[in-house]
Amino acid sequence: EGIFALKFDTVMDSVKGTFTLDVPSIREPDDAYRQMISTAQAFQRALGGVLVDDNGSALNDDGLAATWKTVATVIRGMSDKGLRPGLPITRRLFS
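Residues numbered from 1 in each chain as written. Predicted model: local features only at pLDDT ≥ 70, side-chain atom pairs only at ≥ 80, totals over all residues. Heavy atoms only, no water.

1. As for the overall build of the chain
Secondary structure summary: the chain contains 3 helices and 2 strands in total. In the chain, the succession of α and β elements from N to C terminus is β-β-α-α-α. Over its C-alpha atoms, taken along the principal directions, the chain stretches across nearly 45 × 25 × 20 Å. Expressed as a percentage of the 95 residues in the chain, the buried residues total 22%. Here the contacts in the chain between residues at least 6 apart in sequence split such that 47% fall between residues at least 24 apart. Of the roughly 6800 Å² of accessible surface on the chain, a fraction of 54% belongs to carbon and sulfur atoms. Side chains of the chain give 11 positive and 12 negative charges; the mean places of these two sets differ by 7 Å. (Helix = DSSP H or I, 4+ residues; strand = E, 2+ residues; numbered from the N terminus. Buried < 20%, exposed > 50% of the residue type's maximum accessible area, 1.4 Å probe, protein only. Contact = heavy atoms within 4.5 Å. Areas by Shrake-Rupley, 256 points an atom, 1.4 Å probe, with all protein chains shown as cover. Lys, Arg positive; Asp, Glu negative; His and termini not counted. Charge placed at Lys NZ, Arg CZ, Asp CG, Glu CD.)

If you want it as structure tokens, here you go:
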């Protein structure tokens, strides 16, 4: 079971990597989010790149906190409906 996905695209003369997190499919989405951000930051340092959001705006600590808040809201919403991330029934429902 993967915890997040990384896809590379070539855009003009640069390489763009997109990290995605499939919350319903992951047993521990909070840990997966932290690992994904840590990996993205390692790529950023190694490649001299910039972390950006879906709109192309640079992601600083405040932006990452806002992103986590969105993920946490999704997790809470699922839990409120009795759906636990990573369980087979949750995966089937969201596939």
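Picking up where we left off.
2. Looking at the confidence of the model for the chain
Per-residue confidence for the chain gives a mean pLDDT of 89, with 98% of residues at or over 70. By mean pLDDT, strand S1 (residues 5-11) is the weakest element of the chain at 82, and helix H2 (residues 61-80) is the strongest at 94. (pLDDT = per-residue confidence, 0-100.)

3. Digging into the environment of Leu51
On the secondary structure map, Leu51 appears in the loop between helix H1 (29-47) and H2. The spatial distance from the C-alpha of Leu51 to the C-alpha of Gly77 is 27 Å, given a sequence separation of 26 residues.

4. Observations concerning the pairing of strand S2 (residues 14-20)
Summarising the sheet, S1 and S2 pair through 7 bridges and their orientation is antiparallel. By the bridge assignment for S2, Val11 is matched with Ser14. Between S1 and S2, which follow one another and run antiparallel, lie 2 residues, and Met12 among them has a positive phi close to 55°. (Pairing = 2+ DSSP bridges.)

5. Structural notes on the environment of Val74
Structurally, the position occupied by Val74 is in helix H2. Judged by relative accessible area, which is 39%, Val74 ranks as partly exposed. Separated by 50 residues in sequence, Val74 and Pro24 place their C-alpha atoms 9.1 Å apart.

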